[in-house]
Amino acid sequence: MFSPREVLRNRVYLPWARIPPGRLLELPGRGGSTYVTDTPGPSPESPTLVLLHALGCTGLLTWYPAIEPLSRRFRVVTMDQRWHGQGIRSEELSLRDCADDVAALIDVLELRDVIVGGYSMGSVVAQRVWRQHPDKLQGLLLCATTDRFRLNPAEQVFFAGMGASMVGARGLSRSRTAITAARAAARAVDLAPSDMHEWAIREFRSTSPWAVGQALAALGRHHSRPWLGKIDVPTAVVVGTRDKVIPPRRQVALARSIRGATLHEVDGGHAMCVLEAESFVPVVVEAANTVDARRRDFARR
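Asks: Sorry, what's going on with the nonpolar core here?
Replies: Nonpolar side chains in soluble globular proteins tend to end up buried together. Core analysis: the biggest nonpolar cluster contains 47 residues, and Val50, Leu52, Val102, Leu105, Val116, Val125 and Leu140 have the highest contact counts within it. A per-element tally of this core places helix 3 (residues 95-108) first, with seven residues. What Val102 contacts, discounting residues up to four positions off in sequence, is Val50, Leu52, Met79, Val125 and Val129. Counting 39 residues, the second largest nonpolar core, distinct from the first, contains Leu70, Val266, Val284 and Ala287.

What follows is the structure, encoded as structure tokens:
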């Protein structure tokens, strides 16, 4: 009988990449601190990419294969969102709070020429960053995402049930045991990764199942279609053509709802950011460069 580690090692390919160092950063007025990595670009004047992670992951676990290639043009910043990894612990998890956290991060680090990028759940939060703080960013990079859920009976039942369950479990967020366990798991992530599989397991375990449930309930309430057409910053949408979690047609529909958005396709599934990084990374670099070129053109105009 194989252990979960042996199954992961034997059956799941994880690309090797350098893991940038990070630190805990206090976000004033946001109720705590979060884990941040800050990789410099080629010059002090480089534009900044703030990258937001997928559901149940961390900033590093979602983006680690792409950070170094992106840093050839951008300053690249990742953060752990609320109740993920070493993110802020709060009584509940809301997408509005997650977007406000990003705005606070931009202020604390005094970031300039900011493009906010996201993957899956992170792209939903990125949409809300524009909605709530349009003055903080000059572009959007949206990967593997949609403008809303609950589009069929199965999704409606799932998200309604998840929302009710999370209301009943809200007291868990204040539990000392839950907080202690989450922080202990997060501390383990700080170990230098000598093996990608061991590091990935520690990173993944730093987010509790309760946090995943809270985030799913929040995603079920997301609906950006009424205002997507008002987005007025250069936007690129990266679509996985074999995505079974968010169908490609919904990702394409999101792109078509945003004026002037460019579409960038990857022959990959919903976990392509890591499991198919060889295909994903060149496309996401191209998409980010496109947003930056259009951003600078907008500024000249």
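Asks: Help me understand the packing of helix 3 against helix 4 (residues 121-132), please; the structure alone is not making it clear to me.
Replies: The relative placement of two packed helices is expressed as an angle between their axes plus a distance between the axes. Their axes nearest at 8 Å, the elements helix 3 and helix 4 cross at an angle of 70 degrees. Relative to helix 4, helix 3 is oriented roughly perpendicular. Listed contacts from helix 4 to Leu95, Arg96, Cys98, Ala99, Asp100 and Val102 of helix 3 are Val124, Val125, Arg128, Val129 and Gln132.

Asks: When you look at the state of the cysteines in this model, what are you seeing that I'm missing?
Replies: A covalent bond bridging the sulfur atoms of two cysteines is what the word disulfide describes. Applying the stated criterion to the full structure yields zero disulfides. Left unpaired, Cys143 is separated from the closest cysteine sulfur, that of Cys273, by 8.6 Å. Cys273 forms no disulfide, and the closest cysteine sulfur to it belongs to Cys57, at a distance of 6.7 Å.

Asks: How should the sheet that holds strand 3 (residues 48-52) be read in this particular structure?
Replies: As a general point, the strands of a sheet are linked pairwise by backbone hydrogen bonds and lie either parallel or antiparallel. A sheet is described by the order of its strands in space; here eight strands give the open sequence 1-2-4-3-5-6-7-8, paired in mixed fashion. Edge positions in the sheet fall to strand 1 (22-27) and strand 8 (262-266), since each of these pairs with one other strand and no more. Neighbour-to-neighbour, the strand axes of this sheet turn through a mean angle of 25 degrees, independent of strand direction. For strand 6 (residues 139-143) and strand 7 (residues 235-240), the ladder comprises four bridges, and the chain directions are parallel.

Calculation criteria
- Here, residues in each chain are numbered from 1, in the same order as that chain's written sequence.
- Only residues with pLDDT of at least 70 are given local features in this predicted model, and only at 80 or more are side-chain atom pairs given and counted; all residues enter the totals for whole chains, interfaces and linings.
- To get the side-chain values, all heavy atoms of the structure are used, and hydrogens and water are removed first.
- What makes a nonpolar core is a set of buried Ala, Val, Leu, Ile, Met, Phe, Trp, Tyr and Cys residues whose side-chain atoms join them at distances within 4.5 Å.
- Under the scheme applied here, a residue whose accessible area is under 20% of the maximum for its type counts as buried, over 50% as exposed, and between as partly exposed, the area being computed with a 1.4 Å probe on protein chains only.
- By the criteria applied, helices consist of DSSP H or I runs no shorter than four residues and strands consist of E runs no shorter than two, each listed in order from the N terminus.
- Contacts are residue-level and defined by heavy atoms, with any inter-residue pair within 4.5 Å sufficient.
- In this analysis, axes come from line fits to C-alpha atoms, helices being fitted only over the stretch in contact, and the angle between any two N-to-C directions falls in the range 0 to 180 degrees.
- Oblique is the label for any angle not covered by the other classes, which are roughly parallel (under 35 degrees), roughly antiparallel (over 145) and roughly perpendicular (65 to 115).
- We call a pair of cysteine sulfur atoms a disulfide when they lie within 2.5 Å.
- At least two DSSP bridges between two strands are required for those strands to pair.

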